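# Understanding the architecture of this molecule
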Amino acid sequence: MSSLPCSWAAPILPFSSSSYSSSRLLYSNPTARENAKPKRRISCNTKNDNQNAKSSHDSQGNNTFDRRDVLIGLGGLYGAASSINPLESSAAPIPPPELNNCRTATNINGQPVPYSCCPPINNRIVDFRLPARPVIRTRPAAHLANAEYISRFNLALQRMRDLPDSDPRSFMQQANVHCAYCNGAYTYPSATGSQRLEIQVHNCWLFFPFHRWYLYFFERILGSLINDPTFAMPYWNWDSPPGMYTPSMYLNQRQYPALFNERRNQRNMTLPADLGFFGQDNNLSPSETALNNCAIMHNEMIRNANLLEDFMGRPYRRGDPINPGAGTHEAGSHTAIHIWGGDPRQPTGEDLGNFYSAGRDPLFYAHHANVDRMWTLWRNRRGNLPRDFSDPDYLNAQFLFYDENRQLTLGINIPWVGCRPRARVTGTRAGRTVEAPKLEAVEFPLKLDKVVKVLVPRPKKSRSKEEKDKEEEVLLISDIEVDTEKFVKFDVFVDEEENDYAKLAKAEYTGTFAQVPHKHETPLQIKTSRYLELTQQLEDLGVEDDDEILVTLVPRAGDITIGGIKIVYSPSNQ
């Protein structure tokens, strides 16, 4: 396979279903593979976003493709592996796992997971190649799917379940992909070779590309099992009020047994999805939940998602500590759905509420199909702003999957675009009604065991439009220390003076930090950061001329320590 990040622009080339056999491993970067000399390489090089896709040969005579050759249908898979050997260059992308060194994954309780997450070892690894004859696949919104489609989907998944566990296409093995990449089973050697470093695809810039690849091959398997190369699985449209309830196809055990899973939060299955969920009922009505959801989506997709790293996640390179920082969507509604759907009757939130087991719930794939859709929607709103990282360490990250495909074309009403929340009061907050210490009076590290309010100075105020276009004002919450074994979440508000933290459909709500529980070999206590964009929010609040802002941190779940808070400025063209 190839590294998906190579290209995530508006897709133009879909993949054909005839390009793969069912039991081959696909490799993302052929030049880094041991004991193999591939004949074809795929390059991610491009001069600009408007460059025409061209096929060519490199200086070694290998076939190469411009990264624009690998764009796929709307929101679909686009990507290609680099012809650069990371071992021979200054770049340091995350390498693929070595399957023969796959180890026992660890649950968040410190115990091994109850089964092996390692895939079958296959010494024959082939490079991902563009399909010669593309096929368009269209994913339906799950709540709008008709009975004929649902029956075919159920049949495909049942046939996947019926495959022996040793078959890499089986539902068990496909679910294990997430476990292996997310719970410490996959590693790579350090630069000195003295230790093995863990691979983690969450809480960093690999989150979107990895999961898109994952769905791609999962969906390809489904289509092959019912001999339908155009088959596409549904997405759970939880960002729109008509689709916020769990799609009924996943709840009907009698009629669609392959889609059912007992290990879910059964109470929540009767309620609209809560994108601000923090582990307990917030006592909001369905209409209030819908309002909250709309504001949350607007925040994480638009108001707080101007910079690439703020939406996509922080850089994660070879040798880096894991969990450098999640983007707005991963930390927000993505994580909320995982925890919301996990079964509280299970010891560690299985299935959706734990990385190792999440893939065992068919609902996981519908959830991530919508997450994947969010990536496309965000990119399509960028206009002239950068849509992709140009960093080779991002473009040349590598993964391994057993092949079979996924592809989508999307289109449905997007209510949260117009959900820019309103402020209770607009204008200067110089005469505040809330008493709070100034930042210099707060001692860090700060234990977040209660609501914390602090006045944070703004280095720049009354910025012009040109200054805003040049730099984004960002609230940096640094050295966030949490236990990865626990569900952790806190919410952030700016100039919130009513102490009403349940309702998020207001301009004072800034964003959230949250993580799905997972286990690492490295120390459980990690340090990461959260970047929250402020430019649009301060406009909404009418406080652009204020010297300081009132920042409120509201702990929702878990033990959290904050190392620092400050306002920084990041170039808007990154």
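Since the structure is predicted, the reported quantities are computational estimates derived from the model, not experimental observations. (Residues numbered from 1 in each chain as written. Predicted model: local features only at pLDDT ≥ 70, side-chain atom pairs only at ≥ 80, totals over all residues. Heavy atoms only, no water.)

## What to know about the packing of aromatic side chains
Within the structure shown, the criterion is met by 34 aromatic pairs. Summarising the aromatic geometry, the rings of Tyr 115 and Tyr 356 are spaced 5.9 Å apart at their centres and angled 50 degrees between planes, so their arrangement reads as tilted. Of the two residues, Tyr 115 sits in the loop between strand S3 (63-65) and strand S4 (125-127) while Tyr 356 sits in helix H7 (residues 355-358), which places them 241 residues apart along the sequence. As far as the burial class goes, Tyr 115 and Tyr 356 line up, both buried. Between the aromatic rings of Phe 208 and Trp 375, the centroid separation amounts to 5.3 Å while the plane-to-plane angle is 40 degrees, which identifies the pairing as tilted. With Phe 208 in helix H3 (residues 207-225) and Trp 375 in helix H8 (residues 362-380), this residue pair connects regions lying 167 residues apart in the sequence. Assigned by exposure class, Phe 208 and Trp 375 land together as buried. The side chain of Arg 314 reaches across the aromatic face of Tyr 531, ending 3.4 Å from its centre. (Phe/Tyr/Trp six-rings, centres within 6.5 Å; stacked < 30°, edge-to-face > 60°. Helix = DSSP H or I, 4+ residues; strand = E, 2+ residues; numbered from the N terminus. Buried < 20%, exposed > 50% of the residue type's maximum accessible area, 1.4 Å probe, protein only. Lys NZ or Arg CZ within 6 Å of the ring centre and 35° of its normal.)

## Some thoughts on the UniProt feature "domain: Tyrosinase copper-binding" (unreviewed entry) in the protein chain
The UniProt record annotates "domain: Tyrosinase copper-binding" (unreviewed entry) at residues 202-219 and 361-372. As annotated, residues 361-372 has a helix share of 92% and a strand share of 0%, and its two end C-alpha atoms lie 17 Å apart. (UniProt positions renumbered as here; feature names shortened; annotations may be inferred.)

## Thoughts on empty space enclosed by the protein
One pass over the full model with this rule turns up 5 cavities of 30 Å³ or more. Of the volumes computed, that of the largest cavity is approximately 130 Å³. Around the largest cavity, the lining is made up of 15 residues, and of these Pro 119, Val 177, Tyr 186, Leu 400 and Tyr 402 lie nearest the centre. Where the lining of the largest cavity is concerned, the elements lending two or more residues are helix H2 (171-182) and strand S7 (400-402). The class makeup of the residues in the lining of the largest cavity is 12 nonpolar, 3 polar and no charged. Considered as a void within the structure, the second largest cavity measures approximately 70 Å³ in volume. When residues of the lining of the second largest cavity are traced back to their parent elements, those giving at least two are helix H4 (286-303), helix H6 (328-341), strand S12 (509-515) and strand S13 (525-533). At 4 residues, the largest contribution of residues to the lining of the second largest cavity is made by S12. (1 Å grid on protein atoms, 1.4 Å probe; cavity = no way out; pocket = protein on both sides within 12 Å on 5 of 7 lines; lining within 4 Å. Points joined across faces, edges and corners; volume = space filled by probe spheres on them. Nonpolar A, V, L, I, M, F, W, Y, C, P; charged D, E, K, R; others polar.)

## Focus on the pairing of strand S16 (residues 564-571)
Within S16, 6 of the 8 residues are buried, leaving the element largely enclosed by the surrounding structure. In this structure, strand S10 (residues 471-483) lies alongside S16, joined through 8 bridges in antiparallel fashion. Bridged to Ile 477 within S16 is Ile 565. (Pairing = 2+ DSSP bridges.)

## Describing the pattern of salt bridges
The final tally for this structure, using the stated rule, is 30 salt bridges. For the salt bridge of Glu 548 with Lys 438, the shortest nitrogen-to-oxygen distance reads 3.0 Å. A residue pair is termed long-range when its members are at least 10 positions apart, and Glu 548 in strand S14 (residues 548-557) and Lys 438 in the loop between S7 and strand S8 (446-447) qualify at 110 residues. Among the ionic pairs, Arg 556 bridges to Asp 491, the shortest N-O distance being 2.8 Å. One end of the pair, Arg 556, is in strand S14; the other, Asp 491, is in strand S11 (residues 488-494), and 65 residues separate them in sequence. Given the relative accessible area of 16%, Arg 556 is considered buried. You can call Asp 491 buried: its relative accessible area is 1%. Overlapping salt bridges, with partners in common, bring together Arg 139, Arg 212, Glu 219 and Asp 372 in one network. (Salt bridge = Lys/Arg side-chain N within 4 Å of Asp/Glu carboxyl O.)

## Considerations on the sheet that holds S11
If you trace the 4 strands from one edge of the open sheet to the other, you get S9-S14-S11-S12, paired in antiparallel fashion. The sheet is open, and its two borders are formed by strand S9 (452-457) and S12, each paired with just one other strand. Strand after strand, the sheet turns through a mean of 20 degrees between neighbouring axes, direction not considered. As paired elements, S11 and S12 share 6 bridges and run antiparallel to each other. By the bridge assignment for S12, Phe 493 is matched with Tyr 509. (Axes fitted to C-alpha atoms, helices over the stretch in contact; angles between N-to-C directions.)

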